[in-house]
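Observations on the model geometry
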Amino acid sequence: MAERPERWTQATVHPDMWADPADDPRNSEGPSPDGERATLADFLTNYRLTLRMKCEGLDAEQLARRSVPPSTMSLLGLVRHLAQVERGWRNWITEGEPLPKLYGARDADFGGAVADPAVVAAAWRDLEREQAALDAELARHADLGERLGRQRIAVRELQVHRVEEYARHCGHADLLRECVDGRVGQ
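Residues numbered from 1 in each chain as written. Predicted model: local features only at pLDDT ≥ 70, side-chain atom pairs only at ≥ 80, totals over all residues. Heavy atoms only, no water.

**Quick word on the packing of aromatic side chains**
All told, the structure shown has 0 aromatic pairs when counted by the stated rule. For the cation-ring pair, Arg183 lies above Trp18, with the distance from its terminal atom to the ring centre recorded as 3.8 Å. (Phe/Tyr/Trp six-rings, centres within 6.5 Å; stacked < 30°, edge-to-face > 60°. Lys NZ or Arg CZ within 6 Å of the ring centre and 35° of its normal.)

Rendered as C-alpha cells:
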C-alpha cells in the first residue's frame, strides 16, 4: 500500500463524528421506537444508512480498493456480500427451491468487486432489491416468535442476526474507508 492518507472528518461539531448531528440521517430527535419489532427495524435502518454513508463520495476504484491487506475485502465487496446475505436469509425462510447466488458460488474472496462503475451501480441495485424483498417477506409475519422455513428459524432470531451482520460489517467499513481516503467518524 502506498502512503497512508491523512485522517479527517467532515464534522465540525464533534471531531470524532462522521457528520454533524444536523446532517446525520441516523439522528432522530424524540423518543425511541416503541416495541421490539420497531426497535429492531430502527437499528437495522441505521446500520444500513451507516454503510451507505461510509461509501458515499468514493469512485469505483476507491470502493473496490482492498485497503486493509492481506484481506481481499473492499467497501464494494461488502455491499455485494450484504446483497448476497439478504438473499440467503430469504432462502432460510422459504419452503421452496432456494434462489441462486447473486455472484456465483465462489465469490467469498470478493473477486467480483472490481473497479467498474457498472459493477458498483449493479451492487447497489442488488442490495436495495434484496433488502426490500426480505423486508416485505418478514413484514407478513407479525409474531416475532413465528418460525419459518425448513430450519424453522424464528423471525426474531433472523432480525437480530440481520442487525448483527450489518453492525459487524459497518465496523469493517470504518477501517476500509479510513484507509481509502482518511475519513474517520462513527
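**Examining helix 1 (residues 36-55)**
Helix length check: helix 1, at 20 residues, gives a terminal C-alpha distance of 29 Å against a target of 28 Å (1.5 Å per residue), a fit within 8%. Buried within helix 1 are the following residues: Leu40, Leu44, Arg48, Thr50, Leu51, Met53, Lys54 and Cys55. Just downstream of helix 1, Gly57 is the residue with a positive phi angle, here 85°. (Helix = DSSP H or I, 4+ residues; strand = E, 2+ residues; numbered from the N terminus. Expected span 1.5 Å × (residues − 1). Buried < 20%, exposed > 50% of the residue type's maximum accessible area, 1.4 Å probe, protein only.)

**What to know about the nonpolar core**
Leu51, Leu76 and Leu127 are the most contacted members of the largest nonpolar core, which has 39 residues in total. Looking at this core, the elements with two or more residues in it are helix 1, helix 2 (60-64), helix 3 (75-92), helix 4 (117-139) and helix 5 (155-181). When neighbours within four sequence positions are excluded, Leu76 is seen to be in contact with Leu63, Ala64, Ala113, Val114, Val119, Val120 and Ala123. (Core = buried A, V, L, I, M, F, W, Y, C linked by side-chain atoms within 4.5 Å. Contact = heavy atoms within 4.5 Å.)

**What to know about the pattern of salt bridges**
Enumeration over the complete set of coordinates arrives at 19 salt bridges. Note that Asp135 is salt-bridged to Arg48, the shortest N-O span being 2.9 Å. Taken together, the residues Asp135 in helix 4 and Arg48 in helix 1 connect sequence positions 87 residues apart. With a closest N to O distance of 3.0 Å, Glu86 and Arg162 form a salt bridge. Of the two residues, Glu86 is situated in helix 3 and Arg162 in helix 5; the sequence distance between them amounts to 76 residues. (Salt bridge = Lys/Arg side-chain N within 4 Å of Asp/Glu carboxyl O.)

**What to know about the environment of Ser32**
Considering the arrangement of structural elements, one finds Ser32 in the segment before helix 1. Using a relative accessible area of 55% as the deciding quantity, one classes Ser32 as exposed. Sequence separation between Ser32 and Arg90 is 58 residues; the distance between their C-alpha atoms is 28 Å.

**Details of the side chain of Gln62**
Tracing the backbone shows Gln62 in helix 2. Of the residues examined, Gln62 reaches a relative accessible area of 18% and is grouped as buried. Beyond its immediate stretch of four places on either side in the chain, Gln62 contacts Gly57 and Val180.

**A few points about the side chain of Asp20**
Considering the arrangement of structural elements, one finds Asp20 in the segment before helix 1. Buried and unpaired, Asp20 has no salt bridge, with Arg183 as the nearest side chain of opposite charge at 8.9 Å. One polar contact links the side chain of Asp20 to the main-chain amide nitrogen of Thr12, over a distance of 2.6 Å. Once residues lying within four places of it in the same chain are set aside, the contact partners of Asp20 are Ala11, Thr12, Val13 and His14. (Lys, Arg positive; Asp, Glu negative; His and termini not counted. Polar contact = N/O pair within 3.5 Å; in protein donor to acceptor, adjacent residues only side chain to side chain.)

**A few points about the confidence of the model for the chain**
In low-pLDDT segments, the atomic positions of the prediction should not be examined closely. For the chain, the mean per-residue pLDDT works out to 92, and 96% of the residues sit at or above 70. Mean pLDDT across the secondary structure elements of the chain bottoms out at helix 3, with 95, and peaks at helix 2, with 98. (pLDDT = per-residue confidence, 0-100.)

**Concerning the packing of helix 3 against helix 4**
Following both chains from N to C, one finds helix 3 and helix 4 inclined at 30°, their axes separated by 8 Å at the closest point. Taken together, helix 3 and helix 4 sit at an angle that is classed as roughly parallel. Here helix 3 and helix 4 pass one another in a crossing that is left-handed. Of helix 4, the residues touching helix 3 (which contributes Leu76, Val79, Arg80, Leu82, Ala83, Glu86, Arg87, Trp89 and Arg90) are Val119, Val120, Ala123, Trp124, Asp126, Leu127, Arg129, Glu130, Gln131, Ala133 and Leu134. (Axes fitted to C-alpha atoms, helices over the stretch in contact; angles between N-to-C directions. Parallel < 35°, antiparallel > 145°, perpendicular 65-115°, else oblique. Left-handed = near helix turned anticlockwise from the far one by under 90°.)

**What to know about the environment of Arg26**
As for its position among the elements, Arg26 is in the segment before helix 1. Judged by its relative accessible area of 14%, Arg26 is buried. Sequence separation between Arg26 and Asp42 is 16 residues, and the spatial gap between their C-alpha atoms is 9.3 Å. The residues touching Arg26, leaving out its near neighbours within four places in the chain, are Trp18, Asn46, Leu49, Thr50, Met53 and Gln186. A polar atom in the side chain of Arg26 sits 2.8 Å from the side chain of Asp24. Here the side chain of Arg26 touches Thr50 through a polar contact of 2.8 Å, side chain to side chain.

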